[in-house]
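Overview (structure and organization)
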Amino acid sequence: MPLLDEHGRAVADAWVRVADDAPLPEGPAILTAARLRAEDLSGRNAPLGIALDPATAPEAVADLLPRLSLVTIALPKAKDGRAFTQARALREHAGFRGEIRATGHVLPDQWRMLRRCGVTTVEVPEGADLAQWRRSFDVVDIAFQPAQDSGSALGLRRQRLRVA
Amino acid sequence: MNALVEPLAPPAPAYPPHARTYRYDEVDREFLQERIAEFSGQIERRLRGELTEDEFKPLRLMNGLYLQLHAYMYRIAIPYGILNATQLRQLAMIARRWDRGFGHFTTRQNIQFNWTKLEDVPAIMRALAAVDMHGIQTSGNCIRNTTTDEYAGAAPDEAADPRVYAEIIRQWSTLHPEFTWLPRKFKIAITGAPHDRVALQAHDVGVVVRKNAAGETGFEVWAGGGLGRTPVLATKLRDWVPEEDFLAYLEAVLRVYNALGNRDNIYKARIKILVRDLGPDFLARVEAEFARMPRQRYRLDPEIVAQIAAHFAPPPFPRLADDPPAYRDALARDAAFAAWARQSVRPHRQPGHASVTISLKPIGGIPGDCSAEQMEAVAALAERHAFGEIRVTHVQNLVLPHVRQDELFAVWEGLRAVGLATPNIGLVSDIIACPGMDYCALATARSIPVAQMISERFADLDRQLDIGECFINISGCINACGHHHIGHIGILGVDKRGAESYQITLGGSATNDAAIGELVGPGFPYDQVTDAVETILRTYVARRAAGERFVDTYRRIGPAPFKEALYAAAG
Ligand code: SF4
């Protein structure tokens, strides 16, 4: 699946999702929380990630985050917006600095808001019109509230968003 | 449909100088243009098949566009129900040009047009944007238009001005990155007066702006109210949230809801269900979130509050005395004027002034409907007599907030000329009714015609005055858009084996003594519902003690006498 980075560019995806009973690959691997806890991974050099399901609060995996470079969050349906709160909490409460990747049924129209909540990358459907994703990202560049993408804490002062 | 929007930067419209609506600046206008471009693009993608109807639906809803029974319905935001005369004239123009010459004011202080064509929407959006208006977030699972006291800035009992904070909520909630894909719609009401005129406890969040002894501003916050198929009154979360933490606290409430609200069952998705199911744990979670969030980031800067408050500064009232001779003489001279004034004129904090409520409930009419001519007439009267400002009430009427008492007679004459002087505010014919089967795709029964029948039955003003204050609310299905649960008399139309049946609840209230009405018994067929209301009101008149309103009597004597009167003959 194509992956868009924070600049809207299609980038290669080095990560592999690994089932609990599958052997660990050499490269970056996305594991479940259970496996991250159960297995001794201290000798491993390649980066680790976790797939957070929409019902799990980031606090529940807070102990694992310092070892992780990637958290994926998911929109099972475009209307299901729990991922927005998860992403914000990962940044704001857990202080997570790695990659947050949005997966699932994401609409181009949600991409800007996901970015504002702290998401870094998004998986887009095979064959998606990347130019449309770009346009949807750019079309509204004024925001009325502080979020994770603006360093300034100006409260309601209207801000023009930096185009990534 | 061709290229939809050429981004134009419309010039600032010419507004009445003293109308206290929030004044857009270039940033606000540019934002609106961007949003129009975005939605126009979404319409194009839908027409090209790049968006499925399922994907398009939440996007169009978020822009106020519903698919109804016969056509699209376009709902326009009137932020906290405040308009100026220029804006109202533009709505009249839109009603005439793109609808059937009418608009319909709603219980959320918005206006909707019931006969909209999809291909006209971009043009209507531009016409709205020309007067700083739009349909954004009037629908969909996001934070909707915040409602407030229609007498804000005028009511003598007001402790703090709710408009300032309603505007702050409007800005904060506009395309909020985290709260635009909530489990369900989210409605906030805010008041600054001890007397609740906003149905605070029927809202997802209700806010009371307060002042403490030191003169500081803070907020009492309620959450978890809502009607629909499971009516619940809101629970108080806090007596006092300091002003600087206002948005932080709202964020905390919304965060808990967005994370934990039900996503599987649309009937369990409102925050009221979460608050009810979690019990005290809901508040504990909100407080925990509030305690750990970086509050500095969400701090409401007093400077910004001051900037926004400047938009709502009092208009330049002349110094006048109460009860001027011109007003007194007119009252004595003209009984029809006096009857209207008794229901429609309310005291004002500024001596020599009054607020005027304009009834959109003519006998036999459609509650909340207003013709283009009437809108223009109200706009003209507002300009001449009320600093060019108009309010929409949550009971689907209009208000001229600031009128000189010595000009009330002229206002009345102007209203009478266009059929807007029905003297029934607060009486049995001042009915709230949802669109029901006449427009709404979800309806299980007619709603408007029931309102019309009841209104005609009680057309006689003396009889209405004898009955006194009584609120009748009618919904055409279980979704309860007519707020029947909180009407003194609530009427819910359901489908019973293919026929309309109307269930009646009694004793509801939308104000400080908020209550959910109790079902009185089995439903009534369409052609008997007016008789049932008649029986209920006759029972009240026969049993009332001196000075008791309908709802007082009901609370004192309980449902039994009403049940007996309604069902004895049949049983
Ligand atoms: S209560 Fe039902 S019929 Fe009435 S407007 Fe709401 S959804 Fe439609």
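Residues numbered from 1 in each chain as written. Chains lettered and ligands numbered in written order. Predicted model: local features only at pLDDT ≥ 70, side-chain atom pairs only at ≥ 80, totals over all residues. Heavy atoms only, no water.

Once that is clear, we can look at the overall build of chain B. If you tally the helices and strands in chain B, you get 19 helices and 21 strands. Whereas a compact globule of 571 residues would reach a radius of gyration of roughly 25 Å, chain B reaches 23 Å, a difference of no more than 12%. Taking the principal axes of its C-alpha atoms as reference, chain B extends roughly 60 × 60 × 55 Å. In chain B, which comprises 571 residues, the proportion classed as buried is 63%. Taking contacts inside chain B between residues at least 6 apart in sequence as the whole, the part at least 24 apart equals 68%. For chain B, the exposed area adds up to about 20,400 Å²; of that, 53% sits on carbon and sulfur atoms. (Helix = DSSP H or I, 4+ residues; strand = E, 2+ residues; numbered from the N terminus. Rg over C-alpha atoms; globule rule 2.2 N^0.38 Å. Buried < 20%, exposed > 50% of the residue type's maximum accessible area, 1.4 Å probe, protein only. Contact = heavy atoms within 4.5 Å. Areas by Shrake-Rupley, 256 points an atom, 1.4 Å probe, with all protein chains shown as cover.)

Moving on, we get to the overall build of chain A. Within chain A, the regular secondary structure consists of four helices and ten strands. Start at the N end of chain A and walk to the C end: the helices and strands fall as β-β-β-β-α-β-β-α-β-α-β-α-β-β. In terms of C-alpha radius of gyration, chain A reaches 16 Å, essentially the compact-globule figure of 15 Å for 164 residues. C-alpha extents for chain A along the principal axes are approximately 50 × 35 × 30 Å. Expressed as a percentage of the 164 residues in chain A, the buried residues total 52%.

Near the ligand you find C434, P435, G436, C440, L442, A443, G476, C477, N479, A480 and C481 of chain B, and these make up its full shell. Class assignment of the residues belonging to the shell around the ligand gives a composition of eight nonpolar, three polar and no charged. (Near = heavy atom within 4 Å. Nonpolar A, V, L, I, M, F, W, Y, C, P; charged D, E, K, R; others polar.)

Before going further, it helps to spend a moment on the pairing of strand β4 (residues 102–105) of chain B. All names here are of chain B. Judged from the three bridges that link them, β4 and strand β13 (residues 369–371) form a sheet pairing that is antiparallel. Note that in β13 the partner of G103 across the bridge is C370. As judged from the two bridges shared by β4 and strand β5 (residues 111–116), these two strands associate in the antiparallel manner. Within β5, the residue paired with F105 across the bridge is I111. Counting the residues between successive antiparallel strands, the hairpin from β4 to β5 contains five residues, one of them, Q109, with a positive phi of roughly 60°. (Pairing = 2+ DSSP bridges.)

With that settled, the discussion passes to the nonpolar core. In this structure, L91, F246, F282, L400 and L415 of chain B are the most contacted members of the largest nonpolar core, which totals 155 residues. Dropping the residues within four chain positions of it, L91 of chain B is found in contact with I76, L83, I111, F113, L128, M133 and M375 of chain B. (Core = buried A, V, L, I, M, F, W, Y, C linked by side-chain atoms within 4.5 Å.)

What follows concerns the pattern of salt bridges. All names here are of chain B. Counting across every chain of the model gives 55 salt bridges over all chains. For R197, the salt bridge identified is with D149, shortest N-O distance 2.8 Å. Highlighted residues: R197 in the loop between β7 (188–191) and β8 (205–211) and D149 in the loop between β6 (147–148) and α5 (162–173), separated in sequence by 48 residues. Each member of the pair, R197 as well as D149, carries the same accessibility label: buried. Linking R457 and E534 is a salt bridge whose minimum nitrogen-to-oxygen distance equals 2.9 Å. (Salt bridge = Lys/Arg side-chain N within 4 Å of Asp/Glu carboxyl O.)

With that out of the way, let us pick up the domain arrangement of chain B. All names here are of chain B. The domain architecture assigned to chain B consists of domain 1 (7–129), domain 2 (154–310), domain 3 (325–416) and domain 4 (432–570). One C-alpha centre belongs to domain 1, the other to domain 3; they are set 27 Å apart. Facing the 26 residues of domain 1 at the interface are 25 residues of domain 3. A buried area of about 2,100 Å², summed over both sides, lies between domain 1 and domain 3, and 58% of it is on carbon and sulfur atoms. Three residues stand out in domain 1 for area buried against domain 3, namely L88, R89 and F105, and they jointly supply 27% of the buried area on that side. For the pair domain 1 and domain 3, the interface holds three salt bridges. Linking R96 and E376 is a salt bridge whose minimum nitrogen-to-oxygen distance equals 2.8 Å. The tally of links between domain 1 and domain 3 comes to 15 residue pairs in polar contact (both at pLDDT 80 or more). (Domains from an automatic or database assignment. Buried area = accessible area lost by both parts, 1.4 Å probe. Polar contact = N/O pair within 3.5 Å; in protein donor to acceptor, adjacent residues only side chain to side chain.)

Attention now goes to the packing of aromatic side chains. Two measures describe an aromatic ring pair: the distance that separates the ring centres and the angle between the ring planes. The full count for this structure, using the stated rule, is 23 aromatic pairs over all chains. Centre to centre, the rings of F144 of chain A and F31 of chain B are 4.9 Å apart; their planes meet at 90°, and the pair counts as edge-to-face. A residue pair is termed interchain when its members come from two chains, as with F144 of chain A in the loop between β9 (142–143) and β10 (159–160) and F31 of chain B in helix α1 (residues 26–47). The pair F144 of chain A / F31 of chain B is uniform in exposure class, with both members buried. (Phe/Tyr/Trp six-rings, centres within 6.5 Å; stacked < 30°, edge-to-face > 60°.)

Each partner contributes residues to the interface: chain A has 38 residues there, and chain B has 48 residues. Roughly 3,800 Å² is buried in total at the junction of chain A and chain B, and carbon and sulfur atoms are behind 55% of that figure. Here chain A is connected to chain B by seven salt bridges. One salt bridge connects R292 of chain B with E59 of chain A, and the closest N-O pair in it is separated by 3.5 Å. Connecting chain A to chain B are 18 residue pairs in polar contact (both at pLDDT 80 or more). Contributions of two or more residues to the side of chain A that touches chain B are made by α2 (82–92), α3 (108–116) and α4 (130–139) of chain A. Residues of the side of chain A that touches chain B, tallied by class, amount to 15 nonpolar, ten polar and 13 charged.

Residues and elements named next belong to chain B. Packing of helix α6 (residues 246–260) against helix α7 (residues 271–278) brings their axes to within 10 Å, and their N-to-C directions diverge by 90°. The angle between α6 and α7 places the two elements in the roughly perpendicular class. Two secondary-structure elements touch here, α6 through V253, V256, Y257 and L260 and α7 through I271, L274 and L278. Considering only residue class, the contact of α6 with α7 consists of seven nonpolar, no polar and no charged. (Axes fitted to C-alpha atoms, helices over the stretch in contact; angles between N-to-C directions. Parallel < 35°, antiparallel > 145°, perpendicular 65-115°, else oblique.)

This next bit is on the environment of I169 of chain B. Residues and elements named next belong to chain B. Looking at where I169 falls in the secondary structure, it is placed in helix α5. Along the backbone, I169 and N84 are 85 residues apart, and their C-alpha atoms lie at a distance of 20 Å. Residue contacts for I169: discarding those within four places in its chain leaves T146, I188, I190, F246 and L250.

Right, let's get into the pairing of strand β18 (residues 489–496) of chain B. Each regular strand displays side chains that alternate between the two surfaces of the sheet. Residues and elements named next belong to chain B. By the criterion of burial, β18 is predominantly enclosed, with six of the eight residues buried. Pairing analysis gives four bridges linking strand β17 (residues 472–475) to β18, with the strands arranged parallel. Residue pairing in the sheet places S475 in a bridge with L492 of β18. For β18 and strand β19 (residues 499–506), the ladder comprises eight bridges, and the chain directions are antiparallel. Looking at β19, one finds that L492 is bridged to Q503. Between β18 and β19, which follow one another and run antiparallel, lie two residues, and R497 among them has a positive phi close to 45°.

Residues and elements named next belong to chain B. By the burial criterion, the buried members of helix α10 (residues 302–310) are I304, V305 and I308. Buried residues along α10 cover an arc of 105° about the axis, so they all sit on one side. Lining the buried residues of α10 we find α5. Structurally, the start of α10 carries an N-cap: the backbone nitrogen of E303 is 2.9 Å from a side-chain oxygen of D301. (Arc of directions from axis to C-beta.)

As a further point, take the sheet that holds strand β15 (residues 398–404) of chain B. All names here are of chain B. Here five strands make up an open sheet; going across it, the order is β3-β14-β15-β12-β11 and the pairing antiparallel. Two strands in the sheet have a free side with no partner beyond their single neighbour: β3 (82–84) and β11 (345–347). Strand-to-strand, the axes of this sheet are offset by a mean angle of 30°, without reference to chain direction. In this sheet, strand β14 (residues 389–392) lies alongside β3 in antiparallel orientation, the contact comprising three bridges. Bridging across to β14, I82 finds its partner in R391. Helix α13 (residues 372–385) contacts β12 (353–358), β14 and β15 of the sheet and is inclined by roughly 25° relative to β15.

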